[in-house]
Every structure is written in C-alpha cells, then in structure tokens.
Amino acid sequence: MRSINVMAADPQVEARKAVSVDPATGVRLRQWDCTSEKDVHLAVKRAGAAQTGWDDLGVGRRIAILRNFQQLLYEKKSEVADLITKEAGKPSAEALLTEVLVVLDAARFCIDHAYHFLRQEPLPHGNLAMKTKAGEILRQPHGVIGIISPWNYPFSIPATESLAALVTGNAVVLKPSEFTSLCALELASLFHEAGVPKDIFQVAVGDGATGSALLHADIGKLIFTGSVATGRRIAEQAGARLLPVVLELGGKDPMIVLDDADIDVASSGAVWGAFVNAGQACLSIERCYVQRSLYEPFLDACVRKTKQLRVGHGSDRDIDVGPLIHERQLHHVEAQVEEARARGARVLAGGKRFPEMGPNFYLPTVLSEVTQEMAVMREETFGPVLPVMAFDTDDEAIRLANDSEYGLAASVWTRSRARGEALARRIQAGTVMVNDAVACFGISEAPHGGVKASGMGRTHGNFGLEEMVRTKYVDAERLPGVKRVWWYGYGRTFSRQMEGFLELQFARDWRSRLRGGWKAAGALARKGRL
Ligand code: NAD
C-alpha cells in the first residue's frame, strides 16, 4: 500500500526504527524502518500533485466519503478499540469512549458543518467610498497539511485533525508517534477503504527526525501535537521558513474545588480526571486546589476512591487504570513523586510502581502537603498523580491556578454556576469547565487549544476548520466602466472635496455632515482624472 510504502528503507537510516510495544506486557508488536527524509519529501510531492483533484471533487463528494469512513469505523469500533488498547495500554472502555466515539462525533461535525463553512460568504462593507464593490470571502485549502501526533491519544488526535484537513480539500501526510504507528496505519486503512485516495492520506512512520523532515518538506501548514520542548523547536524552525503552524502542547490543568462544591461528585471527578489514561492526558487534572473547609473530607474521599481503582491490563474489561506507555514515562512520574516526598509531601495512596502487573505500571497516587514550588505542581506529570493543596479565598485560587507557564485547560467545582463561570473568566486557559474536566475534548463543536506555553491555534469545531484553510478576499467592482474618484489627478479642489467627504461621514452634527456632502459631491464629476 502506497501510504505505508513511504517508509521504504534508506541505508543511511537503517538503524532508526519505530517500534510498537504492548505497554502492559512489554511484548514487541511490530517494528518499521523510520521513513527517510527523501521518502517524506516524495510523499509530500505525491500528496501535492493529487490535492487539486481532491479539492475539485467538491465538498459534497468529500462529505460522502467521510460518511463512508464514519460507517466503517462504527462497524469496526471494537476491533479498533482493541488495537488502541494493545498499542497504548488504555482500558478498552476508554479506547471506545475517548478515541472511537470522539472520532465518530468529529466526523459527524464535519459532515454537518463543512458545506456551510466552505460556502462563498458575501462581505458587506460600510465605507461609503467602497459602496460600489461586491466582496466575498473564500476559504481555500492550504494544499498539503503535515500532521505530527503523539502517542497518548494515538487514534483520536490524528483522526480529528485529519478529518478537518480532508473535508476542507487538503491532502494529509501524517507522522504519528514512533510508539503508536499501528493505530495510525489503521486510520489510513479506514480512510482508504472509505474512498480517500491513497496519495491524499499518507502515513510516514518514524521518529523525531522523520517529523523534522515533514516540517521541512513542501507542506502548506503543520498541525503539531506533542510536548512543549518539541513544540518550541518546531516553532523556531517553522518561523525561519514562515510556515504556519498549530501547536497543541502540554498542560498543567488546575482543578479548583470551592467551599460549596458537592464533595462526592468533585472527588469522583478528581479521581477520574487525574487517572484517566493513567494520567497521560493533555487535558487532565494535574493539580488540585481545595478551599480549606472542604480540604480534609475531599482528600479522604479521593484517597478512598483511589484505593478502590483496579489497575491492570487494558484488555481486561474489569480494570480502571492501565499501564504507562514506557519506562521513560514511568521514571519521569516516579522522579516527581520522590521529589515531592523528599520536600515534605505525604503519599496517601499509591506512590510506587506495580511490577507484579507488568513492566510499566504505576499505582494511582494521591499526595497531600504539597507546595506550589514542587515539580509535581509546576511541571507536567503526565502520569497517575493527584496532588491536593488547600487555599482560602477565591482570589488565592485564581492566583495559584494562573501561577503556571501552561494554560491548556482548567476546571472549577461549585454548586453555583454563576460563581463557577465568574472564576472561569479569570483563569488563563484555552478551556475552563465548570463541574467537569477533560470531557470538552469530546465536544466536537468546542475549540481545543491552549494559551501561554500550551500552544497556539485551535483544533476542533469551526475554529479547527478555520485553521485548515487560507482566507481569501475577492472583490468585484460593480461599475467597471467608471474610473475611481480617488485616482490620480489630485489638486486643491479635490483635497477640499475629500475634506467634505470625511465631514459627511464623521462630523458629529448633521449640519456639518450636510455641508460636507455638498462639498464632496463635486468629486463625482471630477474632470482631469488620469
Ligand atoms: P513529543 O513532543 O515527544 O512527540 C510528539 C511528536 O513529535 C512525535 O510524533 C515525535 O516523533 C515528534 N517529534 C519529536 N521530535 C521532533 C522534531 N524535532 N521535529 C518534528 N517532530 C518531532 O510528545 P509525546 O511524548 O509524543 O506526547 C506527549 C506530550 O504531548 C505531552 O506533553 C502532552 O501534554 C502533549 N499533548 C498535547 C495535546 C494537546 O492537544 N494540547 C494532546 C496530546 C498530547
């Protein structure tokens, strides 16, 4: 299959491999040679050559192909979910809900909205001097969109971004995470079976160097999802060649529990939001601030519920939390917890590996007595850790929440919607949920993206579609046989007339306006224009 052949061997990169491993067992599933730079460039070239035909097909035909894709995915939902669990480790219920369902709904959004989104949009204007002009907005594809994606949502992230790119008439070359190539290849096979031409959606399996090759190939835009460190490198290189990019980066999402919150609901929300996908979620609960009067009962409830979680292999339908993706991630989480412990934090649940279950398991962990200076409160943990800290006033909660280089998402928990929304407005984040967390990723209409170091640009919804197109303004003169008033042949009279024209539009009183109109009228019959 051509989409997969872009990883043809290049003797110089023979040593570089993309390896898929079952994180629950450590068993190697498959490996590939990383796609060479030359083959990435060839893939982009093929995509570019095919893209005009895909655009010419029209949005109606593309929507029909997306419908096929949606139906195929629906029919293969369990199979796809099983593959995601095998390669990324998450419980199969999560593979169904946070990956397959999200993609089915994203397809629904594109099917329902792309036609309206891509229509030519008349642009009325108010400047009197321009009244003889008919303007309209066109939304045209960038050409080839490069997508670089991470391992934590190996199906839903590249799929939702690809759906938006494809329906707006772009071709896509996807460079998935080197840890989750199987999910990306499954996505390609679903797209191709649905009717997306092979050159229009291609996968370049490989590592960071393969991603870097894609960044330097002849793409029209890059949609990158991954860590802040890689995002910074990409932004620098994209800046040098003025390539537009969307950067969906990391987060340190705060949860604020106010003194009027429902403790049972908020503690269940905290436990789920912190441990879903074993904490390896960009939208997450990474740090928790609780108003002092609720601190102890809330903490007790979190600890009790965390201890009830069943940790195990994602394929076991009766587990709640699966493994981390690999040893490096485990080590990172462990180091943060150890640093917190050494600086005085108390480990109330978990706080250690779980080797009896497999190589990459870490027990869901609740920490108290944490301070804002600890790494676990400042740096992205991306693991199953819930650090909980007390605060006294709403202002203090906002200060703590905003005291971060990140700004992806946040949540506020309260029985008062008005109070929650008032705080939401003051939090520096791309999304704030009141009385829920993480779930906004499943709202296909809602823009997804961050502020500060969490990135720039948006995916999902109309804002996500907008990122996939170039906005073009087309303007047609309604009186093509008439020279414009402001063309050359200036003079004193003309300057006076133009003063009058400004008075006509902007003077405060109607007498001056009338006088201005009278002065300006002569310009319409101006002689001596070149
Ligand atoms: P990562 O930055 O290590 O890798 C992401 C992708 O970039 C991978 O495909 C990788 O091969 C590629 N890459 C690495 N170096 C590159 C380079 N120099 N040039 C081009 N491509 C390169 O991130 P990860 O570990 O795969 O993912 C976890 C991170 O992603 C976390 O920080 C998480 O918060 C973030 N994330 C953000 C969102 C979001 O929507 N904001 C969603 C999911 C994950």
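Structure first, text after, so check above.
None of these values were measured; they are calculated from a predicted model.

Criteria and thresholds
- Numbering of residues starts from 1 in every chain and runs along the sequence as written.
- Restriction of local features to residues with pLDDT of at least 70 applies here, the model being predicted, together with a cutoff of 80 or more for giving and counting side-chain atom pairs; totals for whole chains, interfaces and linings are based on all residues.
- Each side-chain value is derived from all of the structure's non-hydrogen atoms; neither hydrogens nor water enter the calculation.
- We count a stretch as a helix when DSSP gives it H or I for four or more residues in a row; a strand needs E for two or more, and each element gets its number in order from the N terminus.
- Exposure classes here rest on a 1.4 Å probe applied to the protein chains alone. A residue is buried below 20% of its type maximum, exposed above 50%, and partly exposed in between.
- Should any heavy atoms of two residues lie within 4.5 Å, those residues are considered in contact.
- Here the open area of atoms and residues is found with the Shrake-Rupley method and a 1.4 Å probe, where only the protein chains shown may cover a residue.
- In this tally Asp and Glu are treated as negative and Lys and Arg as positive; neither His nor the chain ends contributes.
- Charge positions come from single atoms, namely NZ of Lys, CZ of Arg, CG of Asp or CD of Glu.
- Paired strands, in this sense, are two strands between which DSSP finds at least two bridges.
- One heavy atom suffices: a residue is near a molecule or strand as soon as one of its heavy atoms comes within 4 Å of it.
- N or O atoms within 3.5 Å of each other form a polar contact, as long as, within protein, one can give a hydrogen and the other can take it, and as long as residues adjacent in sequence are counted only when both atoms are side-chain atoms.
- Ten residue types, Ala, Val, Leu, Ile, Met, Phe, Trp, Tyr, Cys and Pro, are classed as nonpolar, four, Asp, Glu, Lys and Arg, as charged, and the remainder, Gly among them, as polar.
- To define a nonpolar core, start from buried Ala, Val, Leu, Ile, Met, Phe, Trp, Tyr and Cys residues and group those joined through side-chain atoms within 4.5 Å.
- Here an axis means a line fitted to C-alpha atoms, over the contact stretch when the element is a helix, while the angle between two N-to-C directions is reported on a 0 to 180 degree scale.
- The span one expects for a helix is its residue count, reduced by one, times 1.5 Å.
- Read the arc as the range of directions from the helix axis to the C-beta atoms.

> Just give me the short version of the overall build of the chain, but keep the residues and values in it.
The secondary structure content of the chain amounts to 18 helices and 18 strands. The principal-axis extent of the C-alpha atoms belonging to the chain is close to 95 × 60 × 40 Å. Taking all 530 residues of the chain together, 56% fall into the buried category. Put simply, of all contacts in the chain between residues at least 6 apart along the chain, 72% involve residues at least 24 apart. Accessible area for the chain stands at about 22900 Å²; split by element, carbon and sulfur atoms hold 55% of it. If the 64 positive side-chain charges of the chain are averaged to one point and the 63 negative ones to another, these points end up 10 Å apart.

> Any details on the sheet that holds strand 6 (residues 171–175)? Residues and values, ideally.
Spatially, the six strands line up as an open sheet ordered 7-6-5-8-9-17, and their pairing is mixed. This sheet does not close on itself; its edge strands, each paired only once, are strand 7 (201–203) and strand 17 (455–456). As paired strands, strand 5 (residues 144–148) and strand 8 (residues 221–225) are joined by four bridges and run parallel to one another. Looking at the pairing, Ile 148 lines up with Phe 224 of strand 8.

> So what about the site of the ligand? Which residues, and what values?
In the neighbourhood of the ligand, 29 residues make up the surrounding shell, with Lys 175, Glu 178, Ser 227, Leu 249 and Glu 380 lying closest. Note that an oxygen atom of the ligand is positioned 2.7 Å from one of the side-chain N or O atoms of Thr 230. Within the side chain of His 448, an N or O atom sits 2.7 Å from an oxygen atom of the ligand. Starting from 850 Å² of accessible surface for the ligand in isolation, the protein chains cover 88%. Tallied by class, residues from the shell around the ligand come to 11 nonpolar, 12 polar and six charged.

> Mind laying out the nonpolar core, listing which residues take part and the relevant values?
Ranked by size, the top nonpolar core spans 79 residues in total, and within it Phe 69, Leu 73, Leu 163, Phe 201 and Leu 222 carry the most contacts. Among the elements that make up this core, the one with the highest residue count is helix 5 (residues 92–117) (11 residues). Contact partners of Leu 73, with chain neighbours within four places excluded, come to Val 80, Val 100, Val 103, Leu 104, Phe 155 and Leu 190. The next biggest cluster of nonpolar side chains, apart from the first, holds 69 residues, and it includes Val 257, Phe 275, Ala 278 and Val 290.

> Lay out the sheet that holds strand 16 (residues 431–434) in plain terms, naming residues and giving numbers.
Pairing within the open sheet is mixed, and its seven strands lie in the order 12-13-14-11-10-15-16. Two strands bound the open sheet, and with one partner strand each, they are strand 12 (346–349) and strand 16. Sheet twist, expressed as the average angle between the axes of neighbouring strands with direction ignored, equals 25°. Of the pairings in the sheet, the one linking strand 12 to strand 13 (residues 365–368) comprises three bridges and is antiparallel in character. For Arg 346, the partnering residue across the bridge sits in strand 13 and is Ser 368. Sheet contacts for helix 15 (residues 417–426): strand 10 (254–257), strand 11 (287–291), strand 15 (409–413) and strand 16; angle to strand 16, the most-contacted strand, approximately 165°.

> Quick rundown of helix 18 (residues 510–521)? Include the residues and the values.
Along an α-helix, a turn takes 3.6 residues, which lines up residues three or four apart on a common side. An ideal rise of 1.5 Å per residue puts 16 Å on 12 residues; helix 18 measures up with 16 Å between its terminal C-alpha atoms. Among the residues of helix 18, Ser 512, Gly 516, Gly 517 and Ala 520 are the ones counted as buried. Buried residues of helix 18 fall within an arc of 140° about the axis and therefore sit on the same side. Exposed and facing more than 90 degrees away from the buried side of helix 18 are Trp 510, Arg 511, Leu 514, Arg 515 and Trp 518. Residues of helix 18 that are buried in the fold lie against helix 17 (492–506).

Note that every value here comes from positions in space, so none of it alone points to a role or purpose.
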